[in-house]
Amino acid sequence: MRSCSPSMRGLTVCSVVLSISLASAKPLSFRSRNDTTTAVKKISWAPCNFNVSGDPLADQIDCGSLVVPLDYTDPTSNETLTLSLLRSKAVSPSATGNKKSMLFNFGGPGYPARTTLAENAVTLHNMTGGEYDLVAFDPRGTADTITFRCYANQTERLAATASLPILDLTPGASAPNAFAENYANAVALSQRCAAYNLDPALQKNANVLTTGMVARDLMAVVDSLHTFEEEDGLLHYWGISYGSLLGATVAALFPDRMERLILDGIVNAENYYHHFGIDIDQLLSSDDAFQGVLSDCLKIGTSRCALADINSTAPELEATLLAMVDRYQSNPVAAAGKVINGKFVKEILIVIIKYPTGIVPLATVYIRSLLEGKNLDGVVAFHTALYNAVSMGDNDALTGIACSDKVIRATGPTDQKLIDDTNHMFNSTKIFGGLLAGIASQCAEWPHEGRGKYTEHWFDEEGRPRVIKTRKPILFVGNRYDPVTPVKSAVAMSSVFEGSRVLERDAFGHASIAQWSDCTAEVFRGYFGEEMVLPEDKKVCEVDVGVFDVGVFPG
(Lines give C-alpha, C1' and ligand atoms only; values in the text may rest on other atoms or scores of the structure.)
Protein backbone atom coordinates (compact mmCIF):
# COMPACT_ATOMS: atom_id res chain seq x y z
CA MET A 1 0.00 0.00 0.00
CA ARG A 2 1.25 3.44 -0.86
CA SER A 3 0.32 6.45 1.22
CA CYS A 4 2.12 9.29 -0.46
CA SER A 5 2.22 13.04 -0.08
CA PRO A 6 3.99 15.41 -2.48
CA SER A 7 4.54 18.36 -0.18
CA MET A 8 8.01 19.79 -0.35
CA ARG A 9 9.43 20.40 -3.79
CA GLY A 10 9.28 17.04 -5.55
CA LEU A 11 8.95 15.16 -2.29
CA THR A 12 6.82 12.05 -2.28
CA VAL A 13 6.56 10.39 1.11
CA CYS A 14 5.02 6.96 1.38
CA SER A 15 3.98 4.87 4.00
CA VAL A 16 2.91 2.71 3.03
CA VAL A 17 -1.05 2.99 1.78
CA LEU A 18 1.22 -2.97 5.66
CA SER A 19 4.90 -14.12 24.79
CA ILE A 20 6.63 -10.67 25.10
CA SER A 21 9.60 -9.31 27.02
CA LEU A 22 9.10 -6.07 28.91
CA ALA A 23 12.84 -5.66 29.49
CA SER A 24 15.10 -3.37 27.50
CA ALA A 25 15.65 -4.08 23.82
CA LYS A 26 17.51 -7.29 23.04
CA PRO A 27 19.72 -6.95 19.94
CA LEU A 28 19.62 -9.32 16.99
CA SER A 29 22.33 -11.88 16.50
CA PHE A 30 24.10 -9.71 13.94
CA ARG A 31 24.53 -6.78 16.33
CA SER A 32 28.30 -7.16 16.59
CA ARG A 33 29.04 -7.44 12.88
CA ASN A 34 31.35 -4.59 11.77
CA ASP A 35 31.44 -3.04 15.24
CA THR A 36 35.23 -2.72 15.14
CA THR A 37 36.95 -0.06 13.10
CA THR A 38 38.97 -2.68 11.20
CA ALA A 39 35.79 -3.77 9.40
CA VAL A 40 34.56 -0.26 8.60
CA LYS A 41 34.82 0.94 5.01
CA LYS A 42 35.41 4.49 3.84
CA ILE A 43 32.75 6.39 1.88
CA SER A 44 34.05 7.43 -1.53
CA TRP A 45 32.65 10.93 -2.23
CA ALA A 46 32.55 12.35 -5.77
CA PRO A 47 30.37 14.58 -7.98
CA CYS A 48 26.90 13.14 -8.57
CA ASN A 49 26.20 11.33 -11.83
CA PHE A 50 22.72 12.85 -12.13
CA ASN A 51 21.72 16.46 -12.66
CA VAL A 52 21.31 18.62 -9.56
CA SER A 53 22.06 21.90 -11.35
CA GLY A 54 18.58 23.29 -10.68
CA ASP A 55 19.07 23.06 -6.93
CA PRO A 56 20.13 26.29 -5.16
CA LEU A 57 22.66 24.23 -3.19
CA ALA A 58 23.95 22.24 -6.16
CA ASP A 59 27.57 23.20 -5.47
CA GLN A 60 27.19 21.83 -1.94
CA ILE A 61 25.92 18.42 -3.05
CA ASP A 62 28.02 15.36 -3.75
CA CYS A 63 27.44 11.64 -4.00
CA GLY A 64 29.14 8.69 -2.39
CA SER A 65 29.41 4.94 -2.29
CA LEU A 66 29.95 2.64 0.67
CA VAL A 67 30.63 -1.09 0.61
CA VAL A 68 28.67 -3.00 3.29
CA PRO A 69 27.99 -6.69 3.97
CA LEU A 70 25.26 -8.24 1.86
CA ASP A 71 24.08 -10.29 4.82
CA TYR A 72 24.90 -9.11 8.34
CA THR A 73 23.56 -12.37 9.79
CA ASP A 74 26.31 -14.42 8.11
CA PRO A 75 29.70 -13.44 9.57
CA THR A 76 31.41 -16.09 7.41
CA SER A 77 30.35 -14.45 4.14
CA ASN A 78 32.52 -11.98 2.25
CA GLU A 79 29.70 -10.93 -0.12
CA THR A 80 28.98 -7.22 -0.20
CA LEU A 81 26.74 -4.63 -1.77
CA THR A 82 27.40 -0.97 -2.47
CA LEU A 83 25.17 1.72 -0.98
CA SER A 84 24.66 4.87 -3.07
CA LEU A 85 24.64 8.01 -0.92
CA LEU A 86 24.03 11.72 -1.41
CA ARG A 87 25.26 14.51 0.84
CA SER A 88 24.20 18.15 1.07
CA LYS A 89 26.91 19.88 3.07
CA ALA A 90 26.11 22.03 6.10
CA VAL A 91 25.14 25.60 5.25
CA SER A 92 25.99 26.91 8.76
CA PRO A 93 28.71 24.64 10.17
CA SER A 94 28.81 24.27 13.92
CA ALA A 95 30.63 27.04 15.80
CA THR A 96 32.44 24.35 17.79
CA GLY A 97 33.98 23.00 14.61
CA ASN A 98 32.51 19.55 15.20
CA LYS A 99 31.44 17.97 11.93
CA LYS A 100 28.16 16.08 12.11
CA SER A 101 25.77 14.41 9.70
CA MET A 102 22.05 13.78 9.79
CA LEU A 103 20.70 10.72 7.98
CA PHE A 104 17.26 10.56 6.35
CA ASN A 105 14.71 8.05 5.17
CA PHE A 106 11.72 9.59 3.38
CA GLY A 107 9.36 6.63 3.44
CA GLY A 108 8.07 3.67 1.54
CA PRO A 109 9.16 1.06 2.14
CA GLY A 110 10.74 1.07 -1.25
CA TYR A 111 11.40 4.67 -2.21
CA PRO A 112 14.90 5.84 -3.11
CA ALA A 113 16.15 8.77 -1.03
CA ARG A 114 18.99 10.51 -2.84
CA THR A 115 16.99 12.53 -5.36
CA THR A 116 14.45 13.52 -2.70
CA LEU A 117 17.20 14.91 -0.51
CA ALA A 118 18.78 16.77 -3.42
CA GLU A 119 15.48 18.38 -4.43
CA ASN A 120 14.58 19.46 -0.89
CA ALA A 121 17.92 20.31 0.68
CA VAL A 122 17.06 24.00 1.21
CA THR A 123 13.92 23.23 3.20
CA LEU A 124 15.56 20.42 5.16
CA HIS A 125 18.54 22.62 6.13
CA ASN A 126 16.03 25.30 7.14
CA MET A 127 14.13 22.91 9.41
CA THR A 128 17.22 21.36 11.01
CA GLY A 129 19.32 24.47 11.67
CA GLY A 130 21.88 24.22 8.88
CA GLU A 131 24.68 22.78 11.03
CA TYR A 132 24.48 19.25 9.69
CA ASP A 133 25.64 17.59 6.53
CA LEU A 134 22.43 15.98 5.30
CA VAL A 135 22.96 12.41 4.10
CA ALA A 136 20.66 9.83 2.54
CA PHE A 137 21.15 6.52 0.76
CA ASP A 138 18.90 4.46 -1.48
CA PRO A 139 17.82 1.47 0.65
CA ARG A 140 18.20 -2.16 -0.36
CA GLY A 141 15.78 -3.18 -3.08
CA THR A 142 15.35 0.37 -4.42
CA ALA A 143 16.89 2.28 -7.31
CA ASP A 144 20.14 0.48 -8.23
CA THR A 145 20.78 -1.12 -4.82
CA ILE A 146 20.12 -4.84 -5.45
CA THR A 147 16.85 -3.74 -7.08
CA PHE A 148 13.97 -6.06 -6.25
CA ARG A 149 11.67 -6.97 -9.12
CA CYS A 150 8.89 -9.43 -9.78
CA TYR A 151 8.55 -8.55 -13.48
CA ALA A 152 10.86 -8.01 -16.41
CA ASN A 153 9.49 -4.53 -17.14
CA GLN A 154 6.81 -2.01 -16.23
CA THR A 155 4.46 -3.27 -18.94
CA GLU A 156 4.36 -6.74 -17.38
CA ARG A 157 3.93 -5.20 -13.93
CA LEU A 158 0.95 -3.07 -14.95
CA ALA A 159 -0.66 -6.01 -16.73
CA ALA A 160 -0.29 -8.22 -13.66
CA THR A 161 -1.70 -5.67 -11.22
CA ALA A 162 -4.60 -4.98 -13.60
CA SER A 163 -5.49 -8.65 -13.85
CA LEU A 164 -4.88 -9.40 -10.15
CA PRO A 165 -5.99 -6.20 -8.39
CA ILE A 166 -6.45 -5.39 -4.72
CA LEU A 167 -10.24 -5.46 -4.52
CA ASP A 168 -12.53 -2.97 -2.82
CA LEU A 169 -14.04 -5.06 0.00
CA THR A 170 -16.98 -2.71 0.56
CA PRO A 171 -20.19 -4.78 0.36
CA GLY A 172 -21.60 -4.41 -3.12
CA ALA A 173 -18.39 -3.01 -4.56
CA SER A 174 -17.12 -6.44 -5.65
CA ALA A 175 -18.44 -9.96 -6.00
CA PRO A 176 -19.80 -11.73 -2.88
CA ASN A 177 -16.61 -13.80 -2.72
CA ALA A 178 -14.40 -10.68 -2.85
CA PHE A 179 -12.35 -11.59 0.22
CA ALA A 180 -11.39 -15.02 -1.14
CA GLU A 181 -10.76 -13.62 -4.63
CA ASN A 182 -8.61 -10.82 -3.21
CA TYR A 183 -6.60 -13.39 -1.25
CA ALA A 184 -6.13 -15.52 -4.37
CA ASN A 185 -4.96 -12.46 -6.31
CA ALA A 186 -2.39 -11.70 -3.62
CA VAL A 187 -1.08 -15.27 -3.59
CA ALA A 188 -0.85 -15.28 -7.39
CA LEU A 189 1.22 -12.10 -7.30
CA SER A 190 3.52 -13.65 -4.68
CA GLN A 191 3.92 -16.70 -6.90
CA ARG A 192 4.97 -14.46 -9.78
CA CYS A 193 7.59 -12.84 -7.55
CA ALA A 194 8.89 -16.26 -6.57
CA ALA A 195 9.05 -17.39 -10.20
CA TYR A 196 10.93 -14.28 -11.31
CA ASN A 197 13.50 -14.70 -8.53
CA LEU A 198 14.29 -18.41 -9.00
CA ASP A 199 17.93 -17.69 -9.82
CA PRO A 200 19.99 -18.35 -6.65
CA ALA A 201 21.61 -14.91 -6.76
CA LEU A 202 18.22 -13.20 -7.03
CA GLN A 203 16.86 -15.37 -4.22
CA LYS A 204 19.78 -14.39 -2.03
CA ASN A 205 19.16 -10.70 -2.70
CA ALA A 206 15.43 -11.07 -2.08
CA ASN A 207 16.15 -12.44 1.39
CA VAL A 208 18.29 -9.51 2.58
CA LEU A 209 15.90 -6.59 2.02
CA THR A 210 14.52 -6.41 5.54
CA THR A 211 14.31 -3.28 7.67
CA GLY A 212 16.68 -4.96 10.11
CA MET A 213 19.32 -5.04 7.38
CA VAL A 214 18.68 -1.41 6.41
CA ALA A 215 18.98 -0.42 10.08
CA ARG A 216 22.44 -1.98 10.11
CA ASP A 217 23.28 -0.13 6.89
CA LEU A 218 22.41 3.12 8.68
CA MET A 219 24.89 2.30 11.41
CA ALA A 220 27.53 1.30 8.84
CA VAL A 221 27.28 4.84 7.45
CA VAL A 222 27.58 6.24 10.98
CA ASP A 223 30.61 4.02 11.64
CA SER A 224 32.31 5.20 8.45
CA LEU A 225 31.68 8.87 9.21
CA HIS A 226 33.10 8.31 12.70
CA THR A 227 36.20 6.41 11.61
CA PHE A 228 37.21 8.42 8.55
CA GLU A 229 35.56 11.84 9.01
CA GLU A 230 35.92 12.23 12.79
CA GLU A 231 32.22 12.40 13.58
CA ASP A 232 30.79 11.28 16.93
CA GLY A 233 29.79 7.71 15.99
CA LEU A 234 26.18 8.34 17.04
CA LEU A 235 23.02 8.39 14.94
CA HIS A 236 21.38 11.74 14.09
CA TYR A 237 18.31 10.89 12.03
CA TRP A 238 14.98 12.12 10.66
CA GLY A 239 12.68 9.33 9.46
CA ILE A 240 9.36 10.04 7.78
CA SER A 241 6.46 7.55 7.43
CA TYR A 242 8.11 4.13 6.90
CA GLY A 243 11.27 5.97 7.90
CA SER A 244 9.77 6.18 11.40
CA LEU A 245 9.53 2.39 11.47
CA LEU A 246 13.15 2.14 10.34
CA GLY A 247 14.11 4.61 13.05
CA ALA A 248 12.28 2.70 15.77
CA THR A 249 13.96 -0.50 14.61
CA VAL A 250 17.47 0.92 14.64
CA ALA A 251 16.78 2.47 18.07
CA ALA A 252 15.69 -0.91 19.42
CA LEU A 253 18.81 -2.56 18.02
CA PHE A 254 21.33 0.11 19.04
CA PRO A 255 19.72 2.14 21.86
CA ASP A 256 23.05 3.35 23.26
CA ARG A 257 24.01 4.97 19.94
CA MET A 258 20.90 7.13 19.42
CA GLU A 259 21.87 10.83 19.69
CA ARG A 260 19.02 12.68 17.90
CA LEU A 261 16.02 10.92 16.30
CA ILE A 262 12.91 12.60 14.96
CA LEU A 263 10.37 9.98 13.90
CA ASP A 264 7.66 11.67 11.88
CA GLY A 265 4.34 10.25 10.63
CA ILE A 266 4.48 7.18 12.83
CA VAL A 267 3.94 3.58 11.77
CA ASN A 268 3.02 1.33 14.71
CA ALA A 269 5.90 -1.17 14.72
CA GLU A 270 3.87 -3.91 16.43
CA ASN A 271 1.24 -3.67 13.70
CA TYR A 272 3.81 -3.54 10.91
CA TYR A 273 5.80 -6.60 11.97
CA HIS A 274 3.19 -8.78 13.69
CA HIS A 275 -0.05 -8.09 11.81
CA PHE A 276 -1.16 -8.26 8.21
CA GLY A 277 -1.14 -5.13 6.05
CA ILE A 278 1.13 -2.15 6.61
CA ASP A 279 -0.50 -0.93 9.84
CA ILE A 280 -4.01 -2.02 10.80
CA ASP A 281 -4.51 1.28 12.67
CA GLN A 282 -3.35 3.50 9.85
CA LEU A 283 -6.82 4.76 8.86
CA LEU A 284 -8.06 5.72 12.33
CA SER A 285 -7.98 9.46 11.57
CA SER A 286 -9.06 9.33 7.94
CA ASP A 287 -12.78 10.04 8.49
CA ASP A 288 -12.02 13.02 10.75
CA ALA A 289 -9.53 14.26 8.17
CA PHE A 290 -12.08 14.00 5.37
CA GLN A 291 -14.75 15.93 7.24
CA GLY A 292 -12.16 18.47 8.44
CA VAL A 293 -11.11 19.25 4.88
CA LEU A 294 -14.75 19.64 3.87
CA SER A 295 -15.29 22.06 6.77
CA ASP A 296 -12.35 24.15 5.60
CA CYS A 297 -13.74 24.02 2.07
CA LEU A 298 -16.99 25.63 3.19
CA LYS A 299 -15.06 28.33 5.08
CA ILE A 300 -12.70 29.19 2.23
CA GLY A 301 -15.42 29.47 -0.43
CA THR A 302 -15.57 28.72 -4.14
CA SER A 303 -12.50 30.79 -5.02
CA ARG A 304 -10.34 27.89 -3.81
CA CYS A 305 -12.75 25.01 -3.24
CA ALA A 306 -15.02 24.07 -6.12
CA LEU A 307 -17.33 22.18 -3.73
CA ALA A 308 -18.05 25.08 -1.38
CA ASP A 309 -21.49 26.01 -2.74
CA ILE A 310 -22.95 22.50 -2.93
CA ASN A 311 -24.04 22.12 0.71
CA SER A 312 -24.12 24.33 3.78
CA THR A 313 -22.51 21.94 6.32
CA ALA A 314 -19.62 19.49 6.21
CA PRO A 315 -21.79 16.46 7.14
CA GLU A 316 -24.18 17.34 4.30
CA LEU A 317 -21.31 17.69 1.82
CA GLU A 318 -19.84 14.40 3.00
CA ALA A 319 -23.23 12.70 2.47
CA THR A 320 -23.40 14.17 -1.05
CA LEU A 321 -19.96 12.85 -1.95
CA LEU A 322 -20.59 9.39 -0.49
CA ALA A 323 -23.86 9.21 -2.43
CA MET A 324 -21.81 9.99 -5.52
CA VAL A 325 -19.54 7.04 -4.69
CA ASP A 326 -22.57 4.78 -4.45
CA ARG A 327 -23.96 6.11 -7.73
CA TYR A 328 -20.79 5.33 -9.65
CA GLN A 329 -20.56 1.96 -7.95
CA SER A 330 -24.08 1.06 -9.11
CA ASN A 331 -23.66 2.66 -12.53
CA PRO A 332 -20.01 2.67 -13.66
CA VAL A 333 -19.06 4.95 -16.55
CA ALA A 334 -16.38 4.50 -19.19
CA ALA A 335 -14.15 7.47 -19.99
CA ALA A 336 -10.78 7.80 -21.72
CA GLY A 337 -10.31 4.04 -21.78
CA LYS A 338 -10.95 3.52 -18.06
CA VAL A 339 -13.93 2.61 -15.93
CA ILE A 340 -15.05 5.13 -13.33
CA ASN A 341 -16.63 3.13 -10.51
CA GLY A 342 -16.92 3.54 -6.75
CA LYS A 343 -13.32 2.46 -6.14
CA PHE A 344 -12.02 4.95 -8.69
CA VAL A 345 -14.00 7.79 -7.08
CA LYS A 346 -12.75 6.93 -3.57
CA GLU A 347 -9.20 7.02 -4.91
CA ILE A 348 -9.87 10.59 -6.00
CA LEU A 349 -11.50 11.52 -2.68
CA ILE A 350 -8.61 10.26 -0.61
CA VAL A 351 -6.37 12.70 -2.49
CA ILE A 352 -7.80 15.65 -0.59
CA ILE A 353 -6.74 14.23 2.76
CA LYS A 354 -3.43 12.69 1.68
CA TYR A 355 -2.15 15.70 -0.25
CA PRO A 356 -3.35 18.68 1.78
CA THR A 357 -1.49 21.60 0.25
CA GLY A 358 -1.28 22.78 -3.32
CA ILE A 359 -3.20 19.95 -4.95
CA VAL A 360 -6.48 20.15 -3.02
CA PRO A 361 -8.03 23.11 -4.90
CA LEU A 362 -7.45 21.31 -8.21
CA ALA A 363 -8.75 18.02 -6.81
CA THR A 364 -12.04 19.67 -5.83
CA VAL A 365 -12.51 20.82 -9.43
CA TYR A 366 -12.35 17.23 -10.65
CA ILE A 367 -14.52 15.98 -7.79
CA ARG A 368 -17.14 18.50 -8.86
CA SER A 369 -16.82 17.19 -12.41
CA LEU A 370 -17.59 13.73 -11.07
CA LEU A 371 -20.64 15.07 -9.23
CA GLU A 372 -21.94 16.71 -12.39
CA GLY A 373 -20.85 13.95 -14.77
CA LYS A 374 -18.82 16.44 -16.83
CA ASN A 375 -15.26 16.39 -18.21
CA LEU A 376 -14.79 12.77 -17.20
CA ASP A 377 -11.88 12.40 -19.61
CA GLY A 378 -10.17 15.16 -17.65
CA VAL A 379 -10.94 13.36 -14.39
CA VAL A 380 -9.30 10.20 -15.73
CA ALA A 381 -6.25 12.16 -16.84
CA PHE A 382 -5.96 13.72 -13.36
CA HIS A 383 -6.28 10.31 -11.68
CA THR A 384 -3.68 8.80 -14.02
CA ALA A 385 -1.20 11.64 -13.53
CA LEU A 386 -1.63 11.48 -9.77
CA TYR A 387 -0.94 7.78 -9.47
CA ASN A 388 1.88 7.89 -11.99
CA ALA A 389 3.51 10.53 -9.79
CA VAL A 390 3.60 8.16 -6.81
CA SER A 391 4.65 5.12 -8.78
CA MET A 392 7.87 3.48 -7.66
CA GLY A 393 8.83 2.87 -11.25
CA ASP A 394 10.42 -0.31 -12.55
CA ASN A 395 10.75 -2.22 -9.29
CA ASP A 396 8.68 -3.99 -6.64
CA ALA A 397 10.65 -2.86 -3.61
CA LEU A 398 7.62 -1.94 -1.49
CA THR A 399 6.29 -5.48 -1.69
CA GLY A 400 9.72 -7.07 -1.33
CA ILE A 401 10.64 -5.13 1.79
CA ALA A 402 7.28 -5.03 3.59
CA CYS A 403 6.49 -8.69 2.98
CA SER A 404 9.97 -9.88 3.94
CA ASP A 405 9.59 -7.97 7.22
CA LYS A 406 6.41 -9.80 8.23
CA VAL A 407 6.85 -12.23 11.10
CA ILE A 408 3.54 -13.95 10.30
CA ARG A 409 2.09 -15.83 7.34
CA ALA A 410 -1.49 -16.93 6.66
CA THR A 411 -2.63 -20.52 6.30
CA GLY A 412 -5.25 -19.58 3.71
CA PRO A 413 -8.22 -17.22 3.23
CA THR A 414 -9.88 -18.66 6.35
CA ASP A 415 -6.91 -17.78 8.58
CA GLN A 416 -8.55 -16.16 11.60
CA LYS A 417 -5.81 -13.59 12.26
CA LEU A 418 -5.97 -12.46 8.65
CA ILE A 419 -9.75 -12.14 8.88
CA ASP A 420 -9.50 -10.24 12.17
CA ASP A 421 -6.87 -7.83 10.83
CA THR A 422 -8.85 -7.21 7.64
CA ASN A 423 -12.03 -6.53 9.62
CA HIS A 424 -10.16 -4.26 12.03
CA MET A 425 -8.90 -2.15 9.15
CA PHE A 426 -12.26 -2.17 7.39
CA ASN A 427 -14.13 -1.04 10.51
CA SER A 428 -11.64 1.67 11.46
CA THR A 429 -13.14 4.03 8.85
CA LYS A 430 -16.60 4.22 7.34
CA ILE A 431 -15.32 5.81 4.14
CA PHE A 432 -12.05 4.21 3.08
CA GLY A 433 -12.01 0.86 4.89
CA GLY A 434 -13.17 -1.20 1.94
CA LEU A 435 -10.74 0.54 -0.38
CA LEU A 436 -7.66 -0.33 1.68
CA ALA A 437 -8.54 -3.34 3.85
CA GLY A 438 -7.73 -5.71 1.00
CA ILE A 439 -4.06 -4.81 1.46
CA ALA A 440 -4.01 -7.14 4.46
CA SER A 441 -3.74 -10.16 2.13
CA GLN A 442 -0.80 -8.90 0.11
CA CYS A 443 1.93 -10.60 2.16
CA ALA A 444 -0.16 -13.52 3.39
CA GLU A 445 1.86 -16.22 1.59
CA TRP A 446 5.04 -14.35 0.72
CA PRO A 447 7.66 -16.85 -0.52
CA HIS A 448 10.83 -15.12 0.71
CA GLU A 449 11.75 -15.43 4.38
CA GLY A 450 13.69 -12.24 5.02
CA ARG A 451 16.92 -12.61 6.97
CA GLY A 452 17.71 -10.30 9.85
CA LYS A 453 14.09 -9.23 10.28
CA TYR A 454 13.13 -7.70 13.59
CA THR A 455 11.01 -10.31 15.38
CA GLU A 456 10.50 -9.05 18.92
CA HIS A 457 7.18 -7.69 20.08
CA TRP A 458 6.74 -4.05 21.08
CA PHE A 459 3.65 -4.57 23.27
CA ASP A 460 2.33 -7.55 25.21
CA GLU A 461 -1.11 -9.10 24.74
CA GLU A 462 -2.63 -6.58 27.17
CA GLY A 463 -1.13 -3.69 25.23
CA ARG A 464 1.61 -2.91 27.75
CA PRO A 465 4.74 -1.55 26.06
CA ARG A 466 8.18 -2.99 26.45
CA VAL A 467 10.68 -0.42 27.69
CA ILE A 468 13.65 0.69 25.61
CA LYS A 469 16.01 3.34 26.99
CA THR A 470 17.91 5.20 24.29
CA ARG A 471 21.02 7.32 24.83
CA LYS A 472 19.01 10.50 24.15
CA PRO A 473 15.21 10.87 24.04
CA ILE A 474 13.43 10.36 20.72
CA LEU A 475 10.96 12.96 19.39
CA PHE A 476 7.81 11.48 17.82
CA VAL A 477 5.76 13.73 15.53
CA GLY A 478 2.21 13.27 14.30
CA ASN A 479 -0.51 15.28 12.55
CA ARG A 480 -3.95 15.38 14.18
CA TYR A 481 -5.61 14.70 10.81
CA ASP A 482 -3.03 12.41 9.22
CA PRO A 483 -5.13 9.88 7.26
CA VAL A 484 -2.51 7.11 7.18
CA THR A 485 -0.33 7.51 10.29
CA PRO A 486 -2.57 8.69 13.16
CA VAL A 487 -1.33 10.50 16.24
CA LYS A 488 -2.46 7.46 18.24
CA SER A 489 0.47 5.57 16.72
CA ALA A 490 2.90 8.29 17.78
CA VAL A 491 1.63 8.09 21.36
CA ALA A 492 1.81 4.29 21.32
CA MET A 493 5.37 4.14 19.98
CA SER A 494 6.49 6.89 22.35
CA SER A 495 5.35 4.72 25.27
CA VAL A 496 7.96 2.13 24.24
CA PHE A 497 10.92 4.52 24.37
CA GLU A 498 11.74 5.86 27.80
CA GLY A 499 11.89 9.65 28.06
CA SER A 500 10.64 10.25 24.51
CA ARG A 501 8.26 13.09 23.63
CA VAL A 502 5.31 13.50 21.27
CA LEU A 503 4.82 16.64 19.19
CA GLU A 504 1.28 16.87 17.85
CA ARG A 505 0.56 19.18 14.95
CA ASP A 506 -2.91 20.60 14.35
CA ALA A 507 -2.45 19.70 10.73
CA PHE A 508 -3.81 17.72 7.81
CA GLY A 509 -1.93 15.37 5.53
CA HIS A 510 0.85 12.89 6.04
CA ALA A 511 3.76 13.81 8.35
CA SER A 512 5.26 17.20 9.14
CA ILE A 513 6.18 17.93 5.54
CA ALA A 514 2.47 18.15 4.63
CA GLN A 515 1.88 21.72 5.88
CA TRP A 516 4.52 24.26 6.83
CA SER A 517 4.65 25.28 10.49
CA ASP A 518 7.03 27.83 12.02
CA CYS A 519 6.33 26.23 15.40
CA THR A 520 7.38 22.80 14.13
CA ALA A 521 10.55 24.16 12.53
CA GLU A 522 11.46 25.87 15.80
CA VAL A 523 10.96 22.63 17.74
CA PHE A 524 13.05 20.68 15.21
CA ARG A 525 15.90 23.20 15.32
CA GLY A 526 15.89 23.15 19.11
CA TYR A 527 15.91 19.36 19.21
CA PHE A 528 18.74 19.05 16.65
CA GLY A 529 20.70 21.94 18.19
CA GLU A 530 24.05 21.72 19.96
CA GLU A 531 22.20 21.67 23.29
CA MET A 532 19.10 19.52 22.79
CA VAL A 533 15.89 21.36 23.64
CA LEU A 534 12.96 18.99 24.12
CA PRO A 535 9.40 20.30 23.81
CA GLU A 536 6.97 19.53 26.58
CA ASP A 537 5.32 16.17 25.96
CA LYS A 538 2.25 16.35 23.70
CA LYS A 539 3.01 19.94 22.74
CA VAL A 540 0.68 21.10 19.95
CA CYS A 541 1.97 23.14 17.00
CA GLU A 542 -0.30 25.10 14.69
CA VAL A 543 0.48 25.33 10.97
CA ASP A 544 0.99 28.39 8.79
CA VAL A 545 -0.23 27.04 5.46
CA GLY A 546 -3.90 26.15 4.99
CA VAL A 547 -5.30 23.15 3.19
CA PHE A 548 -6.48 25.32 0.30
CA ASP A 549 -3.41 27.56 0.10
CA VAL A 550 -1.35 27.34 -3.06
CA GLY A 551 2.03 28.03 -1.40
CA VAL A 552 3.81 25.08 0.16
CA PHE A 553 7.17 25.34 1.94
CA PRO A 554 9.75 28.13 2.27
CA GLY A 555 12.72 27.43 0.03
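Residues numbered from 1 in each chain as written. Predicted model: local features only at pLDDT ≥ 70, side-chain atom pairs only at ≥ 80, totals over all residues. Heavy atoms only, no water.

J.: Explain the UniProt feature "domain: Peptidase S33 tripeptidyl aminopeptidase-like C-terminal" (unreviewed entry) in the protein chain to me, and be specific about the residues and the numbers.
T.: The sites that carry the UniProt feature "domain: Peptidase S33 tripeptidyl aminopeptidase-like C-terminal" (unreviewed entry) are, in the present numbering, residues 440-541. Note that residues 440-541 is 21% helix and 18% strand, and that its end C-alpha atoms are spaced 33 Å apart. (UniProt positions renumbered as here; feature names shortened; annotations may be inferred. Helix = DSSP H or I, 4+ residues; strand = E, 2+ residues; numbered from the N terminus.)

J.: Account for the state of the cysteines, naming residues and giving values.
T.: For the structure on display, the rule yields 5 disulfides. At a sulfur-sulfur separation of 2.1 Å, the disulfide partner of Cys48 is Cys63. Measuring handedness by torsion sign, the sulfur bridge of Cys48 and Cys63 sits at about 95 degrees and is right-handed. Here the residue Cys48 occupies a position in the loop between strand S3 (44-46) and strand S4 (61-69), and Cys63 occupies one in strand S4, the gap between them amounting to 15 residues. Residue Cys48 is classed as buried on the basis of its relative accessible area, which comes to 18%. For Cys63, a relative accessible area of 7% corresponds to the buried category. (Disulfide = S-S within 2.5 Å. Buried < 20%, exposed > 50% of the residue type's maximum accessible area, 1.4 Å probe, protein only.)

J.: Summarise the sheet that holds strand S9 (residues 258-264); cite the residues concerned and give the values.
T.: What the 10 strands build is an open sheet, ordered S3-S4-S5-S7-S6-S8-S9-S12-S13-S14; its pairing is mixed. Lying at the two open borders of the sheet, with one neighbouring strand each, are S3 and strand S14 (539-541). This sheet shows a mean twist of 25 degrees between the axes of neighbouring strands, independent of strand direction. Where strand S13 (residues 501-508) and S14 come together, 3 bridges link them in parallel fashion. Of the residues in S14, the one forming a bridge with Arg505 is Cys541. Contacts from helix H2 (residues 121-128) reach strand S5 (80-88), strand S6 (101-105), strand S7 (133-137) and strand S8 (235-240) within the one sheet, and its direction differs from that of S7 by about 125 degrees. Sheet strands touched by helix H6 (residues 211-229): S3, S4, S5, S6, S7, S8 and S9. Its angle to S4, the strand with the most contacts, is close to 115 degrees. (Pairing = 2+ DSSP bridges. Axes fitted to C-alpha atoms, helices over the stretch in contact; angles between N-to-C directions. Contact = heavy atoms within 4.5 Å.)

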